[in-house]
Amino acid sequence: FSFDLGRHGYVNNVDLLDDQQTAMSMSSDGALVLWDLTQQLAIGSHVMPINSKHITREGKREPVVIARNGRVVGMGCSDGIVRMFDTTTWSSLELTQPQPSSITDVSLSSDGTTVAFLCGQLVDVWNVEHGKTLVGQFRADSPLKSCAMDSTGDYIIAGDAVGRIHALKIERASKKNT
């Protein structure tokens, strides 16, 4: 089966929850939609203003990810800011200070409390609840293109433009203090 967005624009990003019953899509017209795959219908949506410069870059997808618990969506934007959305209220939080260039990828821990993002040659990791960076930035020798985080938010893998993979372990004093 397939879903008709009922909107204009193309789907430039999708993600699937671990429950295998819920999906998220982001379209070029700024619509973030949560889908119930068993009932084959939209169960929540939020539309970013179409004139927002951070919706999409021509010919490129904006990195968007949903936490495995389905409660938080993270979006890396072309204005260098990571924006987080609560999927029950669709309230947004501009999590980071503007970065020097576009966010190229984002990844979330399963519970949505930790976000990693890439910007040029940098990997940064933030605590979503406290709006603070967890560790100093890691800088690669070449631009970073994609990242993934384990379910706990303790390990990050990042791939760069020259074919290298970087494995990072997040050192924390304790989970309660992050």
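Check the entry above for the structure.
Quick caveat, the model's predicted, so the values are computed rather than measured.

**Digging into the sheet that holds strand β3 (residues 31–36)**
Paired through their backbone hydrogen bonds, the strands of a sheet run either parallel or antiparallel.
Argument step 1. Here four strands make up an open sheet; going across it, the order is β1-β2-β3-β4 and the pairing antiparallel. Sheet topology places β1 (11–16) and β4 (41–47) at the edges, where each strand pairs with a single neighbour. Strand-to-strand, the axes of this sheet are offset by a mean angle of 20°, without reference to chain direction.

**Looking at the pattern of salt bridges**
Argument step 1. In total, this model carries three salt bridges according to the counting rule given.
Argument step 2. In this structure, R68 and D15 form a salt bridge, with 3.0 Å as the shortest nitrogen-oxygen distance. Here the residue R68 occupies a position in the loop between β5 (64–66) and β6 (72–76), and D15 occupies one in strand β1, the gap between them amounting to 53 residues.
Argument step 3. Judged by relative accessible area, which is 24%, R68 ranks as partly exposed.
Argument step 4. Accessibility expressed as a relative area gives 19% for D15, which makes it buried.

**Overview of the environment of T114**
Argument step 1. Locating T114 in the fold gives a position in strand β10 (residues 114–119).
Argument step 2. Once the C-alpha coordinates of T114 and S151 are considered, the two residues, 37 residues apart in sequence, prove to be 9.7 Å apart.
Argument step 3. Residues within four places of T114 in sequence aside, it is in contact with S107, L108, S109, V125, W126, V128, L134, M149, G153 and R172.

**Points about the pairing of strand β7 (residues 82–86)**
Argument step 1. Most of β7 is tucked away, with four of its five residues classed as buried.
Argument step 2. Pairing analysis gives five bridges linking β6 to β7, with the strands arranged antiparallel. Directly across from G74, in β7, lies its bridge partner M84.
Argument step 3. Two successive antiparallel strands, β6 and β7, enclose a turn made up of five residues, where G80 displays a positive phi of approximately 80°.
Argument step 4. With three bridges joining them, β7 and strand β8 (residues 92–94) adopt antiparallel strand pairing. Residue pairing in the sheet places R83 in a bridge with E94 of β8.

**So, the environment of G80**
Argument step 1. Position of G80 relative to the elements: it lies in the loop between β6 and β7.
Argument step 2. Here the alpha-carbon distance between G80 and Q99, two residues 19 residues apart in the chain, equals 4.4 Å.
Argument step 3. Setting aside anything within four residues of it in sequence, one finds G80 in contact with T96, Q97, P98, Q99, S101, S102 and I103.

Each value, and the rule that gives it
- Residues numbered from 1 in each chain as written.
- Predicted model: local features only at pLDDT ≥ 70, side-chain atom pairs only at ≥ 80, totals over all residues.
- Heavy atoms only, no water.
- Pairing = 2+ DSSP bridges.
- Helix = DSSP H or I, 4+ residues; strand = E, 2+ residues; numbered from the N terminus.
- Axes fitted to C-alpha atoms, helices over the stretch in contact; angles between N-to-C directions.
- Salt bridge = Lys/Arg side-chain N within 4 Å of Asp/Glu carboxyl O.
- Buried < 20%, exposed > 50% of the residue type's maximum accessible area, 1.4 Å probe, protein only.
- Contact = heavy atoms within 4.5 Å.

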